[in-house]
Amino acid sequence: PRSTLFPYTTLFRSVHLKGSTKLDNGITVDVIIQLETDQSTAGGGQTSNAANASSNNSIDESYVRLHGGFGDLRMGSTKNASNVMATMAPSVGITSSNDGDASNVIIKPSSVSVGTDTLLGTSDDMKIAYYTPVFSGFQVGASLTPSNSEADTMPAVGGPAGTDTQEYNIALGYLSKLGGVDVSADVSYSEIHGEVASSSKGWRAGINLGFGNVVVGGSYRDTSELDSLVAGTSSSPEETSFDAGITYSSGPWAVGINYLSVSAPLATSTPGDDAATQIFLGASYSLGPGVDLLGNVFRATWEDESSADSANNDGWGALAGISVSF
């Protein structure tokens, strides 16, 4: 059917472990390990066999962080600078249009080749990242991913025999208050170098404005080929996406709505765009310090260039949960 709706359950989705010590020279050293504990998750993907639950737990991010007056240095499996400093549409609830969770409820057909956010490079591959101290609200971040192979051998990149990819990210963020308005913004650039068909470049920008209890904002991303040999062909990673949202909070309550649109005009040699649209309504209620009830009602649409039912899907979904932090 073109429209689907079914429950999706996730319990104790992740546990974040952190150890910290401050050296005599003033530098603070942190070790961060994020354990993915969702029984439906194994190595970042879903499983269909409950019997495999015992092997499903996996590590998401795990890295060492050194920070002090010099800035913030991170080494290990962590997000790139473009993602860490990204400003996206404000949202409320257990998830949002930019989290990619809609595809777990309203299934994205395999023929629809589009992303599900406005981020640049979302992997947690091993990398080194540095963030400067904040100067008058401005901060610069940069990261290098030597290889996406997750192996102890030297990266096999470059030349006709290269099989791995490298990623470079640089971002500029701004967080301050201008008059009575809270401003959060970013702009970043990324390049992924690998085989011709898997090399790309992209940029993104986002801004949020806070007016008392109301926050409004959005972001935009544009990705294209890095090598001219794939320009204008179905091998080109050309894609654009944008989101927009608004939230309102009062006492223990918060509500919001956000929207995402993604388009890939060269997904295949068939004329037309692969596209996705999502609209999320969300709400949260604080039961007490660190304990929140969360919920979303949303609609997702996945569109292929063709009109075949098997290549297109849309529907409504609902998600609810509780967040506990301490």
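Residues numbered from 1 in each chain as written. Predicted model: local features only at pLDDT ≥ 70, side-chain atom pairs only at ≥ 80, totals over all residues. Heavy atoms only, no water.

This part is about the overall build of the chain. Across its full length, the chain carries one helix and 17 strands. A total of 326 residues make up the chain; the buried ones form 39% of that total. Of the roughly 16600 Å² of accessible surface on the chain, 60% is carried by carbon and sulfur atoms. (Helix = DSSP H or I, 4+ residues; strand = E, 2+ residues; numbered from the N terminus. Buried < 20%, exposed > 50% of the residue type's maximum accessible area, 1.4 Å probe, protein only. Areas by Shrake-Rupley, 256 points an atom, 1.4 Å probe, with all protein chains shown as cover.)

Let us now look at the pairing of strand β1 (residues 14–22). Relative to strand β2 (residues 28–36), β1 is paired through nine bridges, and the arrangement is antiparallel. Note that in β2 the partner of K18 across the bridge is I32. In sequence, β1 turns back onto β2 through a hairpin of five residues, with G26 there showing a positive phi of about 95 degrees. (Pairing = 2+ DSSP bridges.)

So, on to the layout of surface pockets. Each pocket or cavity is described by its volume, and for the second largest pocket that value is around 600 Å³. Together, 29 residues line the second largest pocket, and G121, I192, S200, R221 and T223 are the ones closest to its centre. If you list the elements that add at least two residues to the lining of the second largest pocket, you get β9 (166–178), β10 (181–193), β11 (200–211) and β12 (214–225). Considering only residue class, the lining of the second largest pocket consists of six nonpolar, 15 polar and eight charged. (1 Å grid on protein atoms, 1.4 Å probe; cavity = no way out; pocket = protein on both sides within 12 Å on 5 of 7 lines; lining within 4 Å. Points joined across faces, edges and corners; volume = space filled by probe spheres on them. Nonpolar A, V, L, I, M, F, W, Y, C, P; charged D, E, K, R; others polar.)

Take T37: it is sitting in the loop between β2 and β3 (41–42). The exposure class assigned to T37 is buried, which follows from its relative accessible area of 15%. In sequence terms T37 and D60 are 23 residues apart; their C-alpha atoms lie 9.9 Å from each other.

Our next topic: the nonpolar core. Counting 14 residues, the largest nonpolar core has I106, V114, F298, A300 and W302 as its most contacted members. Elements supplying a minimum of two residues to this core: β14 (253–264), β15 (274–288) and β16 (291–303). (Core = buried A, V, L, I, M, F, W, Y, C linked by side-chain atoms within 4.5 Å.)

Mapped onto the elements of the fold, S147 is located in the loop between β8 (138–145) and β9. Accessibility expressed as a relative area gives 10% for S147, which makes it buried. At a separation of 3.2 Å, a polar atom in the side chain of S147 contacts the side chain of D164. Discounting residues that sit within four places of it in the chain, S147 has contacts with D125, M126, P155, D164, T165 and Q166. (Polar contact = N/O pair within 3.5 Å; in protein donor to acceptor, adjacent residues only side chain to side chain. Contact = heavy atoms within 4.5 Å.)

Let us look at unusual backbone geometry. Apart from glycine, the bulk of residues carry a negative phi angle, and the bulk of peptide bonds sit in the trans form. Phi is positive for S136, close to 50 degrees, though the residue is something other than glycine. If you trace the backbone, S136 turns up in the loop between β7 (126–131) and β8.

Summed over all chains, the structure comprises ten salt bridges. Residues R74 and D72 are paired through a salt bridge, measuring 3.2 Å at the closest nitrogen-oxygen approach. Accessibility expressed as a relative area gives 14% for R74, which makes it buried. Judged by its relative accessible area of 7%, D72 falls in the buried class. Connected through salt bridges with shared partners, the residues K18, D30, R65, D72 and R74 form a single ionic network. (Salt bridge = Lys/Arg side-chain N within 4 Å of Asp/Glu carboxyl O.)

Across all of its chains, the model carries five aromatic pairs by this definition. Between F280 and F298 the ring centres are 4.5 Å apart and the planes differ by 5 degrees, which places this aromatic pair in the stacked class. Of this pair, F280 sits in strand β15 while F298 sits in strand β16; the two residues are 18 residues apart in sequence, bridging distant segments of the chain. Accessibility assignment for this pair places F280 and F298 in one class, buried. (Phe/Tyr/Trp six-rings, centres within 6.5 Å; stacked < 30°, edge-to-face > 60°.)

Let's shift gears to the side chain of Q34. By the secondary structure assignment, Q34 is in strand β2. Under the relative-accessibility criterion, Q34 is labelled buried at 11%.

So, on to the pairing of β10. Along any regular strand the residues' side chains alternate between the sheet's two faces. Sheet topology note: the β9/β10 ladder contains 13 bridges and is antiparallel. Residue pairing in the sheet places N169 in a bridge with S190 of β10. Between β9 and β10, which pair antiparallel one after the other, the connecting turn spans two residues, and G179 there sits at a positive phi close to 65 degrees.

This part covers the environment of L226. Summarising the element assignment, L226 is placed in the loop between β12 and β13 (239–250). Judged by relative accessible area, L226 falls into the partly exposed class, the value being 27%. Distance from L226 to S199, taken between C-alpha atoms, is 5.5 Å for residues 27 residues apart in sequence. Among residues more than four places away in sequence, those in contact with L226 are E191, I192, H193, S199, S200 and K201.

Turning our eyes to something else, we now look at the confidence of the model for the chain. Caution applies to low-pLDDT parts of the model: their predicted coordinates are not meant to be read in detail. When pLDDT is averaged along the chain, the result is 84, and 83% of the positions lie at 70 or above. Mean pLDDT in the chain bottoms out at strand β4 (residues 45–46), which sits at 40, and peaks at β8, which reaches 97. (pLDDT = per-residue confidence, 0-100.)

In this section: the environment of V105. Examined against the element boundaries, V105 turns out to sit in the loop between α1 (81–84) and β7. Looking at V105, the relative accessible area reads 0%, which means it is buried. On a C-alpha basis, the gap between V105 and G317 in space is 6.4 Å, while along the polypeptide they are 212 residues apart.

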